[in-house]
Each structure stands twice: as C-alpha cells, then as structure tokens.
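The primary structure of each chain is shown beneath.
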Amino acid sequence: MAKNQHEYILPETSSTADFIASLQSIFTIREEHEAVIWRTFYDTFDWRLFNQGASLELYKDQTSPKVYWRADKDSARKIQLGLSSVPRFIDHMPRSNLRKQLEPIQKMRELLPRIKLKIKRQPIVVLNDEGRIIVRLNVDEYWFRPAKTRAAHVLGRRVSSKAVKGYQENYDQYLDFIQQLELRTAPDNMLKLALAETGHSAGDYTTKLNLLLDTDEPLIAALKEILARLSEIIHQNTPGTIRGEDTEYLHDYRVAVRKTRSVMSEIKDALPPDIVNGYGKFFSMLGKYTGPVRDIDVYLLKLDKYQKNLSKQGKKQLKAFKLHLQELRKEKQAALKETLKSSEYKQAMKSWDEYLQQPVENLDENSPQARPVSTVADKLVWELYQQTLEQGNVITPESPADDIHTLRKTCKKLRYVMEFFQSLYPARRIRELILVLKGLQDVLGDFNDYAVHIDMLKEFRKSVPEESVEKAMTAMIKELKKKQAAVRAGFAEQYAQYSSQDHIDEFREIFVDSR
C-alpha cells in the first residue's frame, strides 16, 4: 500500500456505526452513498495459485470490472490493464507478463471462482473548517457465505484511508486518532480468512491416499479404507470429468478407477465374490470409457512438442490430424458423459459406497479377510517386485515392444500396492523406493505413449487422400519413432538403478526381513 494510504481492522465488538460515531466526535465528516463491491478469487480445483502464494481476483464495483494479480505472498497486488474478466484456460489469455507468470502454475487446468466476497462500503470524507476534503475513508464490511446451505455473515470490518494532496498535516492528525483507537494494521488476508470459514484448506484436495493403517488391522478393514478413499477421489472429480474441458479431472478420475480395479484384482480373496465380480465389471466398464478420452488428451497435450522439428509446411498440413483428434475426443467424451450422468452409474456408485461403509464385524479369524494387513502387504509387494525383476532382466535392445509393455503394467501394479500400504512402512525409505520406481515408470510410460500415438497416426494416414498430408504424417511418424528409440536407449540406465543389488537389498530388508 502507498505511503499515504492505510488500512486497519475494526474489532469484532465494534460496528461500522460505532467507528463513524467515534470519528464524528473529533472531525467534521460527510457520509457518501453506500456502495457494493464484489471480490471473486479464482484458482484451480487443486488450489495451485494459493499454494504458490499467488492470487488472481476479479474486482467489481460501480465502474468497469478489474482483474488483480499477486505473483507471490511478498508481491504487491497489481491491476491487469486490458482484462475485465478472468479467462478459464491459459490459452485464452492474451500474451502478457501475467500469462508468463501464471502459465507455469496453472498449466492445463481451468480457473474457477473459488471464493466470493461481498463488500458493503461506506465512503466517508473528512472536511476542514472551509468544507474542503482533507481525508478520504472507506469503511468496508466483508460478507461471506461459506456454503449454499449456510447463511452469509460478516467476515470482518476494515477501514481504509487515503491522504488528499496538500493536506498531509490533517492526514497525520487522522492517523493519531487511529492510534488512540488502537486499531491493528490490516494484512491483505481476506482470502485466507474466507477459506478458513469454509472449514477446508487449500491442501484438502490431493490424490494421495494419506491413510494411517494399523499393521495388525484385519485386511478387509484396511481394504475398505483404501477403496473408500479412492471412491472419494472419484466423486471429487466426477463433475469436472463430465464437463470435459480441464483434462486433469479425467486423469485423476481414471487413476482412482484403475487403482480400485487393482485392489480387486490383486487381493480378490479378501473381498466377497459377488463384490469382486459385480464391481470388477463395473469399474472395468469405466476404464473402457475413460481410456480413449485420456489417450487423446495426452496426444493433444504433446502434439505441439511432437511437431517441433517439422517444417512450417508440415505443421500446416497436420492441422487435419489435430482436428480429427478433437472431433474424436468430442465423440468419446460424449459417450463418457452419458455414462457418468446415467441413473445406472449413480445407483452403482451409491451401492458401492454403502458397501464400503458397512462395519467390519464377526470375522472368522481363519478367513483371508482377517489376516493382518501388514502380512499381506509385505508378501504382495515383494512378489510384485520379483515379477518386475524377472520381466526386466530379460529385456534386451532386441526384445519386442510387448515385453516392455508387460513390464510397464507390472510396475504400475507394484506402484499402486506400495501406495496403498505406504503408511505401514518407514516414511522416508518407502518414499525413496517409490521415487526410483517412478523414474522407471516414466521411461516405460513415454515408450508406451509413443507406441500408442504412432498407431493413431498410422490409422489416420490410411484415410487421408492428400499426398502432401500423408507425407507430413509419415515425417511425424519417423520423428516419433526416433524419440521412442531414444527412450528405449535410456531404459537400461534407469533399470540398472532399479535392479541394483543395493535396491534389491532395501526391498528385502523392508518387505521380507522385517516379517
């Protein structure tokens, strides 16, 4: 705030009328027409801006709307000239310093109105004996409605002041008056205060399971906790997946579905057969609907990078392929949306949640369900790790792509299981093991993405009559094959770390020797 501008917090025990009465006892004042202002703070679904200390708000008063940006907690709030609304996606934002600062934070996510504050403003002017304005004040009463089911209430009251040029001495007298009231300087923290009122925090949304499983907990109880948490993530991302514009909703939704399927396939003997059979088919169906849309999303996100080494003419000729992907995505997204909005889907998820909430009672201590979760986790993680070594050790530069694909799927199963039971093991050691596994998965995932994307290009090339477009597509296929070959060449180095004797010993010590 500028040198001759100040903002203070009015105590909760003091109303706007109380402050005005105190002011009027010392100064001659005039109350202006009351105004209503709206401050709407925008952020991504997972609060990426807030978590970086940044904020983006739309400020609406009686004049034209304004957009304000704060790059981090130490930066000043700056008006963004030329913007009168907040674009949802970074691609919709004009080239500017704001876009340059926002893009690495927002990335592909949409911006949503997350917190909306209503300000009832009472403007006041302080007058001298000649009736001239010597100080300008605003008494702001912030109103906030934390949820649709809760009434709006006063979040706080603040008084801001600004000196009038040529009347600095009078402004100093006003500041002396403020000191006598013992008012505290107001930080710009209304967004934090409003968020706290909702009962949530910006860190509430995460795709991490963040469970605290007990080592001796019956297996079925632990599985229900894991599946209930995955169901929560599915529900959180369903509305955004239905809208279908922010691709990260579908990504998080799809991963939660895959993890759910993994629980039922890897530890099926602990769940009732009717649950495994019925819901196994249900979540498999969801996988079939979400898979094609996600594959296209990944392709569209990577397409510009893929085309980087093509000629200008080649990029132009590939526009038809991009349009094809966009149209195909619309078709697949429509089918997914219809599924998720159906009464059958809603009823299935309702029944699933009801099953997960049923208490675990009267277990036969000799049943698979009653086994201590730690015993099952140790055995399963070690067996899956051994599978990855068996599959990875025989891969050579000449091995078919299917061998790499098989290893990729097994590594994914291992990663899921390790994340399910992560809380049972020493935090730092399990994180380090997962980190090395993730490095190998990144290589295997890139190899698979190139394979999928090359196949999609080949399929589309069959339907292209124009020779020039076909040549451009052939050039891009050649480019992707080169990239895929480079990834494959890097596999040996990444796998060597993953399969080193030190790494094997660490796995054995945690999952075998500790039994």
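Above: the structure in question.
Below is a short write-up of the structure.

Definitions and cut-offs
- Residues numbered from 1 in each chain as written.
- Predicted model: local features only at pLDDT ≥ 70, side-chain atom pairs only at ≥ 80, totals over all residues.
- Heavy atoms only, no water.
- Helix = DSSP H or I, 4+ residues; strand = E, 2+ residues; numbered from the N terminus.
- Contact = heavy atoms within 4.5 Å.
- Lys, Arg positive; Asp, Glu negative; His and termini not counted.
- Charge placed at Lys NZ, Arg CZ, Asp CG, Glu CD.
- Axes fitted to C-alpha atoms, helices over the stretch in contact; angles between N-to-C directions.
- Parallel < 35°, antiparallel > 145°, perpendicular 65-115°, else oblique.
- Left-handed = near helix turned anticlockwise from the far one by under 90°.
- Phe/Tyr/Trp six-rings, centres within 6.5 Å; stacked < 30°, edge-to-face > 60°.
- Buried < 20%, exposed > 50% of the residue type's maximum accessible area, 1.4 Å probe, protein only.
- Patch = residues over 30% accessible without salt bridge, like charges linked within 9 Å, V, L, I, M, F, W, Y side chains within 5 Å.
- Areas by Shrake-Rupley, 256 points an atom, 1.4 Å probe, with all protein chains shown as cover.
- Salt bridge = Lys/Arg side-chain N within 4 Å of Asp/Glu carboxyl O.
- Pairing = 2+ DSSP bridges.
- Core = buried A, V, L, I, M, F, W, Y, C linked by side-chain atoms within 4.5 Å.
- Nonpolar A, V, L, I, M, F, W, Y, C, P; charged D, E, K, R; others polar.

1. Observations concerning the overall build of the protein
- Scanning the protein from terminus to terminus reveals 16 helices and 10 strands.
- Summarising its shape, the C-alpha atoms of the protein cover approximately 95 × 70 × 50 Å along the three principal directions.
- Once local pairs closer than 6 in sequence are excluded, the contacts in the protein between residues at least 24 apart make up 69%.
- The distance from the centre of the 81 positive side-chain charges to the centre of the 73 negative ones in the protein is 7 Å.

2. Things to note about the packing of helix H6 (residues 219–243) against helix H7 (residues 247–266)
- Interaxial distance between H6 and H7 falls to 8 Å at its minimum, and their mutual angle equals 150°. By the criterion of interaxial angle, the relationship of H6 to H7 is roughly antiparallel. The interaxial crossing formed by H6 with H7 has left-handed handedness. Together, Leu 223, Ile 226, Leu 227, Leu 230, Ile 233, Ile 234, Asn 237, Thr 238, Gly 240, Thr 241 and Arg 243 of H6 and Tyr 249, Leu 250, Asp 252, Tyr 253, Ala 256, Val 257, Lys 259, Thr 260 and Val 263 of H7 make up the contact between the two elements.

3. Some points on the packing of aromatic side chains
- One pass over the full model with this rule turns up 27 aromatic pairs.
- Centre to centre, the rings of Trp 47 and Phe 50 are 5.9 Å apart; their planes meet at 75°, and the pair counts as edge-to-face.
- What makes Trp 47 buried here is its relative accessible area of 7%.
- On the basis of relative accessibility, which here comes to 21%, the residue Phe 50 falls in the partly exposed class.

4. What to know about a positive patch on the surface
- Taken together, the side chains of Lys 312, Lys 316, Lys 319 and Lys 322 present a region of like positive charge at the surface.
- Sorting the residues of the positive patch by element identifies helix H9 (312–317) and helix H10 (319–340) as the ones contributing at least two each.
- Tracing the sequence through the fold places Lys 312 in helix H9.
- Given a relative accessible area of 77%, Lys 312 falls into the exposed group.

5. Considering the environment of Leu 444
- Along the chain, the position of Leu 444 falls in helix H14 (residues 427–461).
- On the basis of relative accessible area, Leu 444 is assigned to the buried category, the value being 1%.
- Separated by 36 residues in the primary sequence, Leu 444 and Arg 408 place their C-alpha atoms 5.7 Å from one another.
- Excluding its chain neighbours within four sequence positions, the residues that come into contact with Leu 444 are Ile 404, Leu 407, Arg 408, Cys 411 and Phe 491.

6. Some words on the pairing of strand E9 (residues 153–163)
- Where strand E1 (residues 5–10) lies against E9, six bridges are found, and the strand directions are antiparallel. Looking across to E9, one finds that His 6 is bridged to Ser 161.
- Where strand E8 (residues 133–144) lies against E9, 10 bridges are found, and the strand directions are antiparallel. Within E9, the residue paired with Trp 143 across the bridge is Val 154.

7. Some thoughts on the nonpolar core
- Judged by nonpolar contacts, the single largest core of 100 residues is most densely connected at Ile 226, Phe 283, Tyr 299, Trp 352, Met 418, Phe 421 and Phe 511.
- The element best represented in this core is H14, accounting for 14 residues.
- With sequence-adjacent residues up to four places away left out, Tyr 299 is seen in contact with Tyr 306, Phe 321, Leu 325, His 453, Met 456, Leu 457, Met 476 and Leu 480.
- One finds Phe 27, Val 135, Leu 175 and Leu 183 within the second-largest nonpolar core, a separate group that totals 21 residues.

8. Remarks on the environment of Pro 65
- Its location among the elements puts Pro 65 in the loop between strand E4 (55–60) and strand E5 (66–70).
- Here Pro 65 falls in the partly exposed class, since its relative accessible area comes to 29%.
- Residues Pro 65 and Leu 83, spaced 18 residues apart in sequence, show a C-alpha to C-alpha distance of 8.3 Å.
- Once residues lying within four places of it in the same chain are set aside, the contact partners of Pro 65 are Leu 58, Tyr 59, Lys 60, Leu 83 and Ser 84.

9. Overview of the packing of helix H1 (residues 16–24) against helix H4 (residues 168–181)
- As a packed pair, H1 and H4 sit with axes 11 Å apart at the nearest point and diverge in direction by 125°. Comparing the axis directions of H1 and H4 gives the class oblique. Seen along the crossing, H1 lies across H4 with a hand that is right-handed. The segment H1 lies against H4, with Phe 19, Ser 22 and Leu 23 engaging Tyr 174, Phe 177, Ile 178 and Leu 181.
- When its residues are assigned to classes, the contact of H1 with H4 shows six nonpolar, one polar and no charged.

Limitation: the analysis is restricted to geometry and does not speak to function.
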